[in-house]
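Descriptive analysis of the structure
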Amino acid sequence: MPQLAAVPTLDTLDFHSDTYKDAYSRINAIVIEGEMEARENYVHLGEMIPDRKDELLKLSKMEGRHMKGFQACGRNLKVTPDMEFAREYFTQLHGNFQEAFANGDVVTCLVIQSLIIECFAIAAYNIYIPVADPFARKITEGVVEDEYMHLNFGEEWLKANFEDVKDRIDAANRQNLPIVWKMLDRVADDARTLGMPKEELIEDFSIAYSEALENIGFKTRDIMKMMTYGLRAA
Ligand code: PL3
Ligand code: FE2
Ligand code: FE2
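Now for a description of the structure that goes with this document. The structure displayed is predicted, hence computed values, not measured ones.

Topic: the site of ligand 1
- Surveying the vicinity of ligand 1 reveals 16 residues, the closest of which are Ile27, Glu35, Glu63, Glu118 and Glu147.
- Separating an oxygen atom of ligand 1 from a side-chain N or O atom of Glu118 is a distance of 3.1 Å.
- Between Glu147 and ligand 1, the recorded distance is 2.8 Å, taken from a side-chain N or O atom to an oxygen atom.
- Considered on its own, ligand 1 offers 520 Å² of accessible surface; in the complex 100% of this is hidden by protein.
- The site holding ligand 1 turns out to be the largest cavity.
- Of all the elements in the fold, those that place two or more residues in the shell around ligand 1 are helix H1 (18-48) and helix H4 (106-128).
- A total of 8 residues in the shell around ligand 1 trace back to one element, the largest contributor, which is H4.
- Looking at the shell around ligand 1 residue by residue, the classes come out as 10 nonpolar, 2 polar and 4 charged.

This is the structure in C-alpha cells:
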C-alpha cells in the first residue's frame, strides 16, 4: 500500500505554496458557501418558527458575518475560492433543506442546519484553528463561538418538542447523515493538505453530533443506532 505523506503541522505548512493555495481554493469556497447557505436557511427557519423569528434573523446575520470573515481569509492568502465547486458540494444537503422547507417540515430543516451543518462546522473549525495562518486563526476562533450558539438553538427547540418530533429527527438523520460522511470523504485530501486529518474531523463531528442528540433526549442505544445508520449507507 502506498504510504501517505505525514499530515503537515504548523511547523511544516507553507501557507504561500501552490499546493496549499490550491487546496485552500476549495476548502475556503466550501466554508464561504456553507456560511452563505446557513444565512439563507436561518431566514427560512424564521418564517417557519414565527415566535422565534427575531432570534433566527440574528443568527442569519451572524452567518453573513462569518461568510465575510472567511472571504477575507481567502483574500489574505491571495486565493480565489472555487465557488462553483462549493455550490455543487452542498447540492444534496441544500436540496433536502429546500424540500423540507417547501413541505413546512421544520424538524428536518433544524436537523439539517442546526444539528448536522453546525456540528460539521464546529468540528472543521476546531481542527483548523491550531493549523491556520494567524489571520484566519483569529477569524475562525470568533466564528466557532457563534456556531455553538446555533447548535444550541436547534438542540433546545427539538428538546422542548421531543416526544412529538423524535421519529422525524430519526428520519431526517437517516436521510442526511450519509450525505455528510460522503462530504467528509470528498474534502479529506484537501483538508489533509491544510494540516487537518480526516480521522480527527470524523471524531470531532461524531462527538459534537452525538452530544447534541443526547441533549435533545435520545438514549445511548438510539444514538449508537443513528450514528451507524449514516455510516452503513455511506
Ligand atoms: C454554518 O454556520 C457553517 C457552515 C459551514 C460548513 C463548513 C464545513 C467545512 C468543511 C471543510 C473542512 C475544512 C475547514 C477549514 C476551515 C477554513
Ligand atoms: Fe456560521
Ligand atoms: Fe452557524
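Some thoughts on H1
- Taking 1.5 Å as the rise per residue, H1 with 31 residues should run 45 Å; its terminal C-alpha atoms sit 45 Å apart, in good agreement.
- At Tyr24, H1 shows its largest bend, some 30°.
- Burial analysis of H1 places 22 of its 31 residues in the buried class, the great majority of the element.

Regarding the coordination of the iron ion (ligand 2)
- Protein ligation of the iron ion (ligand 2) involves Glu35 (OE), Glu63 (OE), His66 (ND1) and Glu147 (OE), the donor distances falling in the range 2.0 to 2.2 Å.
- Taken in chain order, the donor set of the iron ion (ligand 2) reads E-x27-E-x2-H-x80-E.
- Here the iron ion (ligand 3) and the iron ion (ligand 2) are spaced 3.2 Å from one another, each receiving a donor from Glu63. In this pair, Glu35 is assigned in helix H1 and Glu63 in helix H2 (residues 53-76), connecting sequence segments 28 residues apart.
- Take Glu63: its relative accessible area is 0%, and that puts it in the buried class.

Quick word on the coordination of the iron ion (ligand 3)
- Distances from the iron ion (ligand 3) to its protein donors, Glu63 (OE), Glu118 (OE), Glu118 (OE), Glu147 (OE) and His150 (ND1), fall at 2.0 to 2.3 Å.
- Geometry at the iron ion (ligand 3) is irregular, judged from its 6 donor atoms and the angles of 56 to 157° they form at the metal.

Examining the state of the cysteines
- Under the definition given, this model contains 0 disulfides.
- Summary of cysteine pairing: Cys109 is not part of a disulfide, and the nearest cysteine sulfur, belonging to Cys119, is at 17 Å.
- Since its relative accessible area comes to 0%, Cys109 is described here as buried.

Rules used in this analysis
Residues numbered from 1 in each chain as written. Chains lettered and ligands numbered in written order. Predicted model: local features only at pLDDT ≥ 70, side-chain atom pairs only at ≥ 80, totals over all residues. Heavy atoms only, no water. Near = heavy atom within 4 Å. Polar contact = N/O pair within 3.5 Å; in protein donor to acceptor, adjacent residues only side chain to side chain. Areas by Shrake-Rupley, 256 points an atom, 1.4 Å probe, with all protein chains shown as cover. 1 Å grid on protein atoms, 1.4 Å probe; cavity = no way out; pocket = protein on both sides within 12 Å on 5 of 7 lines; lining within 4 Å. Sits in = over half its atoms within 2 Å of the grid points. Helix = DSSP H or I, 4+ residues; strand = E, 2+ residues; numbered from the N terminus. Nonpolar A, V, L, I, M, F, W, Y, C, P; charged D, E, K, R; others polar. Expected span 1.5 Å × (residues − 1). Bend = angle between axes of the 7 residues up to and from the residue. Buried < 20%, exposed > 50% of the residue type's maximum accessible area, 1.4 Å probe, protein only. Donors = N, O, S within 2.8 Å, 3.2 Å for Na, K, Ca; no water. Tetrahedral: all angles 85-135°; square planar, octahedral: opposite > 155°, others 65-115°. Disulfide = S-S within 2.5 Å.

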